[in-house]
Amino acid sequence: IFPCEDFPAGCTVTVRGSAACPFISGRINYFEPTTFCRNSCFYALNASGVQAYALQAIGHAFMCNCRATSVILGAVAGTLLVRDCSSCDVIVACRNLVIRDCTACKFFVLTPQPCTLFGHNTDLLFGPYNTSYPLLETHLAEAGLSPRQRNCWRSHRLATATASPPAAVRLIPPEAFSSFCIPFAGDGPTTSNPVPLPNEYQAALAQRDAAVAALRQRIAALPPDQSARLFRVLTSKYKTWLVSKHLDAELDCLIDLRHQVDAAQSECPTRRTVL
(Lines give C-alpha, C1' and ligand atoms only; values in the text may rest on other atoms or scores of the structure.)
Protein backbone atom coordinates (compact mmCIF):
# COMPACT_ATOMS: atom_id res chain seq x y z
CA ILE A 1 0.00 0.00 0.00
CA PHE A 2 2.90 2.35 0.75
CA PRO A 3 5.71 1.71 -1.77
CA CYS A 4 8.69 3.89 -0.87
CA GLU A 5 11.62 2.14 -2.52
CA ASP A 6 11.35 4.46 -5.54
CA PHE A 7 11.96 7.54 -3.40
CA PRO A 8 15.44 9.06 -3.01
CA ALA A 9 17.32 8.37 0.22
CA GLY A 10 17.08 11.99 1.38
CA CYS A 11 14.18 13.89 2.90
CA THR A 12 10.96 13.62 0.89
CA VAL A 13 7.69 15.40 1.70
CA THR A 14 5.15 15.14 -1.07
CA VAL A 15 1.57 14.33 -2.07
CA ARG A 16 1.38 11.79 -4.89
CA GLY A 17 -1.61 11.27 -7.16
CA SER A 18 -2.89 14.78 -6.42
CA ALA A 19 -2.84 18.13 -8.17
CA ALA A 20 -1.77 19.82 -4.93
CA CYS A 21 0.63 22.69 -5.52
CA PRO A 22 3.45 22.70 -2.92
CA PHE A 23 4.77 25.89 -1.37
CA ILE A 24 8.09 25.42 0.42
CA SER A 25 10.08 27.82 2.58
CA GLY A 26 12.96 26.59 4.69
CA ARG A 27 11.68 23.51 6.50
CA ILE A 28 7.98 24.39 6.15
CA ASN A 29 5.99 22.58 3.45
CA TYR A 30 2.45 23.67 2.61
CA PHE A 31 0.23 21.89 0.09
CA GLU A 32 -2.77 23.94 -0.97
CA PRO A 33 -6.23 22.32 -0.99
CA THR A 34 -7.16 20.54 -4.21
CA THR A 35 -9.80 18.19 -5.61
CA PHE A 36 -10.01 14.92 -3.65
CA CYS A 37 -8.46 11.86 -5.29
CA ARG A 38 -8.98 8.56 -3.46
CA ASN A 39 -5.69 7.20 -4.82
CA SER A 40 -3.66 10.18 -3.57
CA CYS A 41 -1.07 9.59 -0.84
CA PHE A 42 0.91 11.89 1.44
CA TYR A 43 4.52 10.85 2.09
CA ALA A 44 6.96 12.19 4.69
CA LEU A 45 10.20 10.21 4.52
CA ASN A 46 13.50 10.83 6.35
CA ALA A 47 12.33 14.30 7.42
CA SER A 48 14.09 16.09 10.28
CA GLY A 49 12.90 19.33 11.83
CA VAL A 50 10.23 19.73 9.14
CA GLN A 51 6.70 21.13 9.36
CA ALA A 52 4.27 19.79 6.76
CA TYR A 53 0.72 21.02 6.17
CA ALA A 54 -1.48 19.05 3.75
CA LEU A 55 -4.88 20.59 4.40
CA GLN A 56 -6.93 18.50 2.00
CA ALA A 57 -8.75 15.19 1.64
CA ILE A 58 -6.20 12.42 0.95
CA GLY A 59 -6.55 8.72 0.16
CA HIS A 60 -3.71 7.45 2.38
CA ALA A 61 -0.70 8.83 4.27
CA PHE A 62 2.72 7.46 5.23
CA MET A 63 5.44 8.72 7.59
CA CYS A 64 8.73 6.86 7.85
CA ASN A 65 12.02 7.57 9.63
CA CYS A 66 11.10 11.14 10.60
CA ARG A 67 12.67 13.07 13.49
CA ALA A 68 11.35 16.17 15.30
CA THR A 69 8.81 16.69 12.52
CA SER A 70 5.26 18.05 12.70
CA VAL A 71 2.65 16.80 10.24
CA ILE A 72 -0.81 18.36 10.03
CA LEU A 73 -3.12 16.52 7.66
CA GLY A 74 -6.66 17.30 6.60
CA ALA A 75 -8.79 14.16 6.24
CA VAL A 76 -7.34 10.75 5.32
CA ALA A 77 -9.98 8.48 3.80
CA GLY A 78 -7.91 5.35 4.43
CA THR A 79 -4.87 4.62 6.59
CA LEU A 80 -2.12 6.75 8.09
CA LEU A 81 0.94 4.57 8.76
CA VAL A 82 3.64 6.05 11.02
CA ARG A 83 6.81 3.97 11.18
CA ASP A 84 10.27 4.38 12.75
CA CYS A 85 9.62 7.98 13.83
CA SER A 86 10.73 9.82 16.96
CA SER A 87 9.81 13.12 18.63
CA CYS A 88 7.15 13.86 16.01
CA ASP A 89 3.77 15.58 16.37
CA VAL A 90 0.88 14.40 14.20
CA ILE A 91 -2.58 15.98 13.86
CA VAL A 92 -4.92 13.95 11.68
CA ALA A 93 -8.47 12.80 10.99
CA CYS A 94 -8.26 9.34 9.45
CA ARG A 95 -10.15 6.08 9.13
CA ASN A 96 -7.24 4.01 10.44
CA LEU A 97 -4.08 4.91 12.34
CA VAL A 98 -1.26 2.36 12.39
CA ILE A 99 1.95 2.97 14.38
CA ARG A 100 5.07 0.84 14.27
CA ASP A 101 8.38 1.19 16.14
CA CYS A 102 7.94 4.85 17.17
CA THR A 103 9.31 6.78 20.16
CA ALA A 104 8.22 9.96 21.96
CA CYS A 105 5.56 10.94 19.42
CA LYS A 106 2.33 12.87 20.02
CA PHE A 107 -0.90 12.15 18.16
CA PHE A 108 -4.00 14.35 18.12
CA VAL A 109 -6.58 12.22 16.42
CA LEU A 110 -10.08 11.85 15.06
CA THR A 111 -10.61 8.21 14.05
CA PRO A 112 -13.57 5.82 14.18
CA GLN A 113 -11.36 2.81 14.95
CA PRO A 114 -8.80 2.04 17.67
CA CYS A 115 -5.19 2.79 16.81
CA THR A 116 -3.18 -0.31 15.86
CA LEU A 117 0.30 -0.76 17.36
CA PHE A 118 3.01 -2.92 15.80
CA GLY A 119 6.54 -3.66 16.96
CA HIS A 120 8.30 -1.74 19.73
CA ASN A 121 6.76 1.63 20.63
CA THR A 122 7.70 3.79 23.61
CA ASP A 123 6.42 7.01 25.15
CA LEU A 124 3.49 7.64 22.80
CA LEU A 125 1.08 10.40 23.80
CA PHE A 126 -2.49 10.63 22.50
CA GLY A 127 -5.01 13.46 22.63
CA PRO A 128 -8.29 14.32 20.90
CA TYR A 129 -8.28 16.22 17.60
CA ASN A 130 -7.25 19.79 18.37
CA THR A 131 -7.35 22.04 15.32
CA SER A 132 -9.48 23.41 12.48
CA TYR A 133 -9.23 25.22 9.17
CA PRO A 134 -11.92 26.67 6.86
CA LEU A 135 -12.40 23.60 4.63
CA LEU A 136 -12.03 20.93 7.32
CA GLU A 137 -15.67 19.82 7.37
CA THR A 138 -15.74 19.75 3.56
CA HIS A 139 -12.66 17.52 3.48
CA LEU A 140 -14.03 15.25 6.21
CA ALA A 141 -17.17 14.67 4.15
CA GLU A 142 -15.10 13.94 1.02
CA ALA A 143 -13.09 11.37 2.97
CA GLY A 144 -16.21 9.72 4.39
CA LEU A 145 -15.53 10.90 7.93
CA SER A 146 -17.74 12.85 10.33
CA PRO A 147 -16.70 15.13 13.19
CA ARG A 148 -19.64 13.73 15.18
CA GLN A 149 -18.65 10.11 14.79
CA ARG A 150 -17.31 8.08 17.69
CA ASN A 151 -13.71 9.16 18.22
CA CYS A 152 -11.51 6.23 19.31
CA TRP A 153 -8.45 8.34 20.12
CA ARG A 154 -8.28 6.74 23.60
CA SER A 155 -8.40 3.15 22.28
CA HIS A 156 -5.39 1.10 21.14
CA ARG A 157 -4.95 -2.50 20.07
CA LEU A 158 -1.83 -4.63 19.80
CA ALA A 159 -1.47 -6.24 16.39
CA THR A 160 0.91 -8.99 17.56
CA ALA A 161 1.82 -10.71 20.81
CA THR A 162 5.25 -9.05 20.66
CA ALA A 163 3.88 -5.53 20.28
CA SER A 164 4.64 -2.95 22.97
CA PRO A 165 2.59 -3.20 26.16
CA PRO A 166 -0.18 -0.68 26.90
CA ALA A 167 2.23 1.10 29.28
CA ALA A 168 3.97 2.50 26.18
CA VAL A 169 0.86 4.63 25.53
CA ARG A 170 -0.35 7.53 27.66
CA LEU A 171 -3.11 10.09 27.29
CA ILE A 172 -2.22 13.78 27.29
CA PRO A 173 -3.49 15.27 30.59
CA PRO A 174 -6.28 17.85 30.15
CA GLU A 175 -4.16 20.56 31.80
CA ALA A 176 -1.43 19.99 29.18
CA PHE A 177 -3.86 19.98 26.24
CA SER A 178 -4.15 23.01 23.95
CA SER A 179 -5.64 23.89 20.59
CA PHE A 180 -3.33 24.11 17.59
CA CYS A 181 -3.67 27.25 15.49
CA ILE A 182 -2.93 26.64 11.81
CA PRO A 183 -1.18 29.72 10.34
CA PHE A 184 -3.23 29.65 7.14
CA ALA A 185 -6.58 31.26 6.48
CA GLY A 186 -9.05 30.93 3.61
CA ASP A 187 -12.70 30.62 2.66
CA GLY A 188 -14.87 27.82 4.00
CA PRO A 189 -17.69 26.92 6.37
CA THR A 190 -15.56 25.75 9.31
CA THR A 191 -14.84 28.48 11.88
CA SER A 192 -13.82 26.34 14.87
CA ASN A 193 -12.96 22.75 15.73
CA PRO A 194 -16.08 20.73 14.83
CA VAL A 195 -14.91 17.63 16.73
CA PRO A 196 -16.48 17.50 20.22
CA LEU A 197 -13.91 17.37 23.00
CA PRO A 198 -14.28 15.23 26.12
CA ASN A 199 -15.70 17.26 29.00
CA GLU A 200 -12.45 17.39 30.97
CA TYR A 201 -10.52 18.72 27.96
CA GLN A 202 -13.20 21.27 27.09
CA ALA A 203 -13.23 22.46 30.71
CA ALA A 204 -9.44 22.85 30.73
CA LEU A 205 -9.55 24.98 27.57
CA ALA A 206 -12.41 27.09 28.97
CA GLN A 207 -10.47 27.69 32.20
CA ARG A 208 -7.41 28.80 30.23
CA ASP A 209 -9.53 31.10 28.02
CA ALA A 210 -11.09 32.66 31.11
CA ALA A 211 -7.64 33.32 32.61
CA VAL A 212 -6.50 35.01 29.37
CA ALA A 213 -9.67 37.13 29.23
CA ALA A 214 -9.15 38.24 32.83
CA LEU A 215 -5.54 39.20 32.09
CA ARG A 216 -6.63 41.23 29.06
CA GLN A 217 -9.12 43.11 31.20
CA ARG A 218 -6.41 43.95 33.74
CA ILE A 219 -4.10 45.20 30.99
CA ALA A 220 -6.88 47.27 29.42
CA ALA A 221 -7.45 48.99 32.80
CA LEU A 222 -3.82 50.17 33.07
CA PRO A 223 -2.97 53.86 32.61
CA PRO A 224 -1.62 54.62 29.09
CA ASP A 225 2.00 55.08 30.26
CA GLN A 226 2.01 51.75 32.14
CA SER A 227 0.33 50.01 29.22
CA ALA A 228 2.97 51.32 26.79
CA ARG A 229 5.80 50.28 29.12
CA LEU A 230 4.31 46.81 29.54
CA PHE A 231 3.98 46.47 25.78
CA ARG A 232 7.66 47.32 25.25
CA VAL A 233 8.82 44.84 27.91
CA LEU A 234 6.61 42.03 26.61
CA THR A 235 7.69 42.68 23.01
CA SER A 236 11.36 42.60 23.98
CA LYS A 237 11.04 39.39 25.99
CA TYR A 238 8.93 37.78 23.27
CA LYS A 239 11.58 38.50 20.63
CA THR A 240 14.27 37.11 22.92
CA TRP A 241 12.21 33.96 23.44
CA LEU A 242 11.69 33.54 19.69
CA VAL A 243 15.43 33.71 19.08
CA SER A 244 16.23 31.32 21.94
CA LYS A 245 13.80 28.76 20.48
CA HIS A 246 14.96 29.37 16.89
CA LEU A 247 11.39 30.35 16.01
CA ASP A 248 12.40 33.65 14.43
CA ALA A 249 13.55 31.74 11.36
CA GLU A 250 10.23 29.87 11.33
CA LEU A 251 8.34 33.17 11.25
CA ASP A 252 10.51 34.34 8.36
CA CYS A 253 9.61 31.13 6.51
CA LEU A 254 5.89 31.71 7.09
CA ILE A 255 6.19 35.25 5.72
CA ASP A 256 8.02 33.88 2.68
CA LEU A 257 5.25 31.31 2.17
CA ARG A 258 2.67 34.06 2.27
CA HIS A 259 4.49 35.92 -0.49
CA GLN A 260 4.62 32.71 -2.56
CA VAL A 261 0.90 32.03 -2.19
CA ASP A 262 -0.03 35.67 -2.85
CA ALA A 263 2.04 35.62 -6.03
CA ALA A 264 0.38 32.38 -7.16
CA GLN A 265 -3.07 33.84 -6.48
CA SER A 266 -2.31 36.97 -8.47
CA GLU A 267 -1.43 34.73 -11.44
CA CYS A 268 -4.47 32.49 -10.92
CA PRO A 269 -7.32 34.41 -9.17
CA THR A 270 -9.42 31.24 -8.78
CA ARG A 271 -7.13 30.08 -5.98
CA ARG A 272 -8.82 30.96 -2.72
CA THR A 273 -6.53 29.72 0.05
CA VAL A 274 -4.16 32.31 1.51
CA LEU A 275 -1.81 32.60 4.45
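Values in this document were obtained by computation on a predicted structure and should not be read as measured data.

Draft legend 1. Representation of the overall build of the protein chain within the structure. A count of helical and extended segments in the protein chain gives 4 helices and 12 strands. Considering the protein chain as a whole, with its 275 residues, one finds that 43% of them fall into the buried category. In the protein chain, the proportion of contacts linking residues at least 24 apart, taken out of those at least 6 apart, comes to 49%.

Draft legend 2. Here's a closer look at the packing of aromatic side chains. As enumerated under the stated definition, the model contains 7 aromatic pairs in all. Between Phe-107 and Phe-126 the ring centres are 5.2 Å apart and the planes differ by 20 degrees, which places this aromatic pair in the stacked class. In this pair, Phe-107 sits in strand 8 (residues 106-110) while Phe-126 sits in strand 10 (residues 124-128), placing the two residues 19 residues apart along the sequence. You'll find Phe-107 and Phe-126 in the same group, each marked buried. For the pair Phe-177 and Tyr-201, a centre-to-centre distance of 5.2 Å together with 85 degrees between the ring planes defines the contact as edge-to-face. Within this pair, whereas Phe-177 is found in the loop between strand 12 (169-171) and helix 2 (199-220), its partner Tyr-201 is found in helix 2, the two being separated by 24 residues in sequence.

Draft legend 3. Local environment of the nonpolar core. Core analysis: the biggest nonpolar cluster contains 67 residues, and Phe-42, Leu-73, Leu-97, Phe-107 and Phe-126 have the highest contact counts within it. Excluding residues that lie within four positions of it along the chain, Phe-107 makes contacts with Val-82, Val-90, Leu-97, Ile-99, Leu-124, Leu-125, Phe-126 and Gly-127.

Draft legend 4. Quick look at the environment of Val-71. Tracing the chain through its elements places Val-71 in strand 6 (residues 70-83). Val-71 gets classed as buried once you look at its relative accessible area, which sits at 0%. Expressed as a C-alpha distance, the spacing of Val-71 and Ala-52, which sit 19 residues apart in the sequence, is 4.9 Å.

Draft legend 5. Quick look at the pattern of salt bridges. In the structure shown here, the tally under the stated rule is 4 salt bridges. Asp-84 serves as the salt-bridge partner of Arg-83, at 3.5 Å between the closest nitrogen and oxygen. Salt-bridge contacts for Arg-100 lead to Asp-101; the nearest nitrogen and oxygen are separated by 3.7 Å.

Draft legend 6. Looking closely at a nonpolar patch on the surface. A cluster of nonpolar residues, Tyr-238, Trp-241 and Leu-251, forms a patch on the protein surface that exposes about 310 Å² of accessible area. Relative to the assigned elements, Leu-251 resides in helix 4 (residues 247-267).

Draft legend 7. Region of interest: unusual backbone geometry. Residue Asn-65 is not a glycine yet carries a positive backbone phi of 55 degrees. Relative to the helices and strands, Asn-65 is located in the loop between strand 5 (51-64) and strand 6. The backbone of Ser-87 shows a phi angle near 55 degrees, a positive value even though the residue is not glycine. Residue position: Ser-87 is located in the loop between strand 6 and strand 7 (89-100).

Draft legend 8. Just helix 2, in detail. Compared with the 32 Å implied by 1.5 Å per residue over 22 residues, the 31 Å span of helix 2 between its first and last C-alpha is a close match. Of the residues making up helix 2, those classed as buried are Tyr-201, Ala-204 and Leu-205. All buried residues of helix 2 project into a common sector of 95 degrees when viewed along the axis, lining one side. Opposite the buried face of helix 2, at more than 90 degrees from it, the exposed residues are Asn-199, Gln-207, Gln-217, Arg-218 and Ala-220. Here the buried face of helix 2 lies against strand 10 and strand 12.

Draft legend 9. Spatial organisation of the pairing of strand 8. Here strand 8 lies mainly inside the structure; 4 of its 5 residues are buried. Pairing geometry for strand 7 and strand 8, over 5 bridges, is parallel. Residue pairing in the sheet places Val-90 in a bridge with Phe-107 of strand 8. Bridge count for strand 8 against strand 10 is 4 bridges, and the pairing is parallel. Within strand 10, the residue paired with Phe-108 across the bridge is Gly-127.

Draft legend 10. Representation of the side chain of Thr-111 in the model. Considering the arrangement of structural elements, one finds Thr-111 in the loop between strand 8 and strand 9 (115-118). For Thr-111, the side chain forms a polar contact with the main-chain oxygen of Arg-95, separated by 3.2 Å. Among all residues touching Thr-111, those that are not within four sequence positions of it are Cys-94, Arg-95, Asn-96, Gln-149, Arg-150, Asn-151, Cys-152 and Trp-153.

Cut-offs applied
- Residues numbered from 1 in each chain as written.
- Predicted model: local features only at pLDDT ≥ 70, side-chain atom pairs only at ≥ 80, totals over all residues.
- Heavy atoms only, no water.
- Helix = DSSP H or I, 4+ residues; strand = E, 2+ residues; numbered from the N terminus.
- Buried < 20%, exposed > 50% of the residue type's maximum accessible area, 1.4 Å probe, protein only.
- Contact = heavy atoms within 4.5 Å.
- Phe/Tyr/Trp six-rings, centres within 6.5 Å; stacked < 30°, edge-to-face > 60°.
- Core = buried A, V, L, I, M, F, W, Y, C linked by side-chain atoms within 4.5 Å.
- Salt bridge = Lys/Arg side-chain N within 4 Å of Asp/Glu carboxyl O.
- Patch = residues over 30% accessible without salt bridge, like charges linked within 9 Å, V, L, I, M, F, W, Y side chains within 5 Å.
- Areas by Shrake-Rupley, 256 points an atom, 1.4 Å probe, with all protein chains shown as cover.
- Expected span 1.5 Å × (residues − 1).
- Arc of directions from axis to C-beta.
- Pairing = 2+ DSSP bridges.
- Polar contact = N/O pair within 3.5 Å; in protein donor to acceptor, adjacent residues only side chain to side chain.

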